[in-house]
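# A closer look at the structure
Chain by chain, the residues run as shown.
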Amino acid sequence: MATNFIVLIILLLFLPSSMAISTQQICNQTEYPSYCQNIFNSSSSAEDNDIYYYGRLAVQTSLVRSQRFVNSVQNYLQYSHNIDNNDNNSGDGPTQTLALKGCKDFASSNVYMLDNIIAMINNTNQVLSFSQANTLQDKLTALLPNLYTCLDLLETTPTSENIRNDLSQMIDDDVKVHMISLTLCTEGWVSKDKKNINNNNNNGQQSPPLLSKFKLASDKANKKAILESILKGVKVNVDHHHHSEDDNQQGFVIINDFVVVSKDGSWDFTSINDAINAAPSRSYNDGYFLIYVTAGVYSEYVNVGAEKTNLFLLGEGIHKTVITGNRNNADGFSISSDGFMGANLSVVNAAGLHKEQAVALRNTADHSTFYSCSFEGYQDTLYIHSHRQFYRDCDIYGTVDFIFGNATAIIQNSNIYVRKPLLGQSAVITAHGRTHPTQQSGISIHNSNILPTTDLTTSNARLERRRRTKAFLGRPWRDCARVVYMQSYMDGVIDSAGWHRWDQTDFGLNDAYMGEYNNWGPGSHTEKRPKWSAFHILNTTDAQDFTVSNFIDGDSWLPQTGVPYTDQFTIITNHGRTQPSQQ
């Protein structure tokens, strides 16, 4: 697949974007030539057209197919509801209904994104600005994990065979169309030089809100005074007056309104989900609706729907405000709302080591940020599903594939803790899910620390070397997986090979991208790293592709969060925060 794509790029590089190209010339170099020909021959005129025409036509086809898929899922949902209502224990029913509802949500998200993509490209036949192109590729990239997640739901839950076969075939067809759209739109509207030439060239170290130590004011009548007592130096807009256009440029974080959640019932809500339900839907163009969650353990499966944009969930600190659940083979805390920010929280899946796959957080939100949070579980702890995500000063715990998904994510100045896995298992940190070389997604781990938890250190110390738990930086979940570690400390728990195969196969070893740049510590030595074509030792030019500015276009959206970030390569001078004890 990757080889054909490279041939296509070489061919198109020598053709002006406005030059007329035949349908056959375009389609013969795609991953699915016959399928591509069928799409264009049934819709286009007999004359040749340029790359922009074919790109728009492909996206329009993607939209039509996605709308058809939503309608099919809706029809099957009605069928499942009828089964539920009749209480017919036939093997279908509630579990099938939940899977179909998940598919409908992901498919509806695809329709929404494709509408936005069409609006972006319909009236221009030239390369987009860096930020626009980054957004275009992000939305096209996210179409595929949405479909694959739906397919996973259908295959891992007891659904009707007819429903599963029908929707699986539609997904297979739609993936092909979306891949064609991704390739042609990237060629037409995205600059060959993907560096952000408009970045501000600073290191992003703006002053953040003071989120670590504060108390609630006692006077509940004055919301503005209460909020200002929580967030020192944050621009407050609870009276909904228009704020100055340059507020964000001055480093303000705009809070439009807020509620408080407390376990004892002394404030607005006792449940986080109730507070989220009370938040406005798509009502702010900028600024946040703040939900302040006082200290306590909240045993609930928090769900932030796509309509709850610009939501800020703020706790009192790691291990103070704790959101927990114990599902396995299912999601815990789930986020779909663009512009979400979480800070001073612990998110825990307490299912335990022996329950295997147990997600603490699933994040499908674009421009989402987590600051000073912990994510605690074992296998599949942090599901970075899709879109652009940023994690700063966080602690992430797990055993196997505990940072996984197909997002474009940066984890910076954080601690990644490898826990002791099941007997006979190796520990693996990342499992990325990129399926196509044009997808911009990947995981960039920068200025962070890779460390064992106390139980793993103790266990390994008691065992002879050959029996100790081996830990690896990652393995390819999908064939074009992409993960880089940059300027991070790696403890000796990391095996000298560094990277791992998927189930002892050669899957992904040619088309994946496993990169390292200027890491340090006993586990960082690259002499014994594998000789796979997927493995890369990056130079500074290569590494620049995975910075905040270039990888997630962070300069365009992180300043409004108030969260600090680093966009330059610096020398690490310490090992980060003191390692907390095993939970």
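Residues numbered from 1 in each chain as written. Predicted model: local features only at pLDDT ≥ 70, side-chain atom pairs only at ≥ 80, totals over all residues. Heavy atoms only, no water.

This part is about the state of the cysteines. Scanning the model with the defined rule gives two disulfides in all. Put simply, C27 and C36 are joined by a disulfide, and their sulfur atoms are 2.0 Å apart. Residues C27 and C36 are joined by a disulfide whose S-S torsion is about -60°; by sign, that bridge is left-handed. The class of C36 is buried, set by a relative accessible area of 0%. Shown here is the disulfide that connects C103 with C150, its sulfur atoms set 2.1 Å apart. Judged by the sign of its S-S torsion, about 100°, the cystine formed by C103 and C150 is right-handed. With C103 in helix α5 (residues 94–121) and C150 in helix α6 (residues 130–156), this pair connects stretches of sequence that are 47 residues apart. Its relative accessible area of 0% is what places C103 among the buried residues. For the protein chain, the bonded cysteines pair up as 1-2, 3-4 when numbered in the order they occur along the sequence. (Disulfide = S-S within 2.5 Å. Buried < 20%, exposed > 50% of the residue type's maximum accessible area, 1.4 Å probe, protein only. Helix = DSSP H or I, 4+ residues; strand = E, 2+ residues; numbered from the N terminus.)

The biggest cluster of nonpolar side chains holds 59 residues, and the ones touching the most others in it are I291, F333 and F375. Among all residues touching I291, those that are not within four sequence positions of it are V259, V261, A275, I276, L311, F312, L313 and L314. (Core = buried A, V, L, I, M, F, W, Y, C linked by side-chain atoms within 4.5 Å. Contact = heavy atoms within 4.5 Å.)

For the rest of this paragraph, the subject is the environment of T399. As for its position among the elements, T399 is in the loop between β13 (395–398) and β14 (400–405). Each C-alpha atom of the pair T399 and L353 lies 8.5 Å from the other, and the pair is 46 residues apart in sequence. Setting aside its immediate chain neighbours within four residues, T399 contacts L353, Y378, Q379, R419, K420, P421, S426, A427 and V428. One polar contact links the side chain of T399 to the main-chain amide nitrogen of Q379, over a distance of 3.4 Å. (Polar contact = N/O pair within 3.5 Å; in protein donor to acceptor, adjacent residues only side chain to side chain.)

The next subject is the sheet that holds β14. Spatially, seven strands are ordered β4-β7-β9-β11-β14-β17-β20 in an open sheet, and the strand pairing comes out parallel. Two strands bound the open sheet, and with one partner strand each, they are β4 (303–304) and β20 (471–476). Here two bridges tie strand β11 (residues 382–384) to β14, and the two strands are oriented parallel to one another. Looking across to β14, one finds that L382 is bridged to I403. (Pairing = 2+ DSSP bridges.)

With respect to the element layout, E187 can be found in helix α7 (residues 161–189). By relative accessible area, which is 6% here, E187 ends up buried. Through-space distance from the C-alpha of E187 to that of G55 is 8.7 Å; in sequence the pair is 132 residues apart.

Within the sequence span of helix α3 (residues 33–41), burial applies to Y35, C36, I39 and F40. Around the axis of α3, the buried residues are gathered within 125° of arc, so they sit on the same side. Opposite the buried face of α3, at more than 90 degrees from it, the exposed residues are S34 and N38. (Arc of directions from axis to C-beta.)

Let's shift gears to the pairing of strand β5 (residues 311–314). The alternating pattern of β5 places L311 and L313 and F312 and L314 on opposite faces, both of which are buried. Bridge count for strand β2 (residues 288–293) against β5 is four bridges, and the pairing is parallel. Counterpart to Y292 in the pairing with β5 is L314. Where β5 meets strand β8 (residues 341–349), three bridges bridge the pair, whose relative direction is parallel. Bridge pairing in β8 links L314 to A343.

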